[in-house]
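What the coordinates show
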Amino acid sequence: MGLQPKTARVERNGVEQDIPVADVLVGYFVLVRPGEKVPVDGQVVEGASSVDESMLTGEPLAVQ
């Protein structure tokens, strides 16, 4: 369907870089800026936001 982003912004060795989603490995820190789609499943380790999960759950309101 093409809804998932093709790249993810990761931080490796203190440097931010965009890499293909298929190259994201467990342990990478993925950075998601406001308004961007979340490219991979993961755990929030810093910060807070609301996420639109309507494509997955049908819930019309964003969740914290």
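Overview of the structure. (Residues numbered from 1 in each chain as written. Predicted model: local features only at pLDDT ≥ 70, side-chain atom pairs only at ≥ 80, totals over all residues. Heavy atoms only, no water.)

Details of the pairing of strand β2 (residues 15-20)
Applied cut-off: We treat two strands as partners when DSSP finds at least two bridges between them. Helix and strand assignments follow DSSP, with helices taken as H or I runs no shorter than four residues and strands as E runs no shorter than two, numbered in order from the N terminus.
Across 6 bridges, the pairing between strand β1 (residues 7-12) and β2 is antiparallel. If you follow Arg9 over to β2, its bridge partner there is Asp18. Once β1 ends, the chain turns through 2 residues before running back antiparallel as β2, passing Asn13 with a positive phi of about 55 degrees.

Let's talk about the sheet that holds β1
Cut-off, in case you're wondering: Note on geometry: axes are lines fitted to C-alpha atoms, helical ones only across the stretch in contact, with angles between N-to-C directions running from 0 to 180 degrees.
Strand order in this open sheet of 3 strands is β2-β1-β3, and the pairing throughout is antiparallel. Unpaired on one side and paired on the other, β2 and β3 (29-31) mark the two borders of the sheet. Geometrically, the sheet is characterised by an average inter-axis angle of 45 degrees between neighbouring strands, direction not taken into account.

Brief notes about the pattern of salt bridges
Rules: Salt bridge, as used here, is a side-chain nitrogen of Lys or Arg placed within 4 Å of a carboxyl oxygen of Asp or Glu. Any residue under 20% of the maximum accessible area for its type is buried, any over 50% is exposed, and the rest in between are partly exposed; the area is computed with a 1.4 Å probe on protein chains only.
Considering all chains together, one arrives at 3 salt bridges under this definition. The salt bridge involving Arg9 is made with Glu36; its shortest N-O contact spans 2.9 Å. Taken together, the residues span a long stretch of sequence, with Arg9 in strand β1 and Glu36 in the loop between β3 and α1 (54-57) at a distance of 27 residues. Relative accessible area serves as the criterion here: at 35%, Glu36 is assigned to the partly exposed category. Linking Glu16 and Arg33 is a salt bridge whose minimum nitrogen-to-oxygen distance equals 2.9 Å. Within this pair, whereas Glu16 is found in strand β2, its partner Arg33 is found in the loop between β3 and α1, the two being separated by 17 residues in sequence. Assessed through its relative accessible area of 44%, Glu16 is described here as partly exposed. Its relative accessible area of 39% is what places Arg33 among the partly exposed residues.

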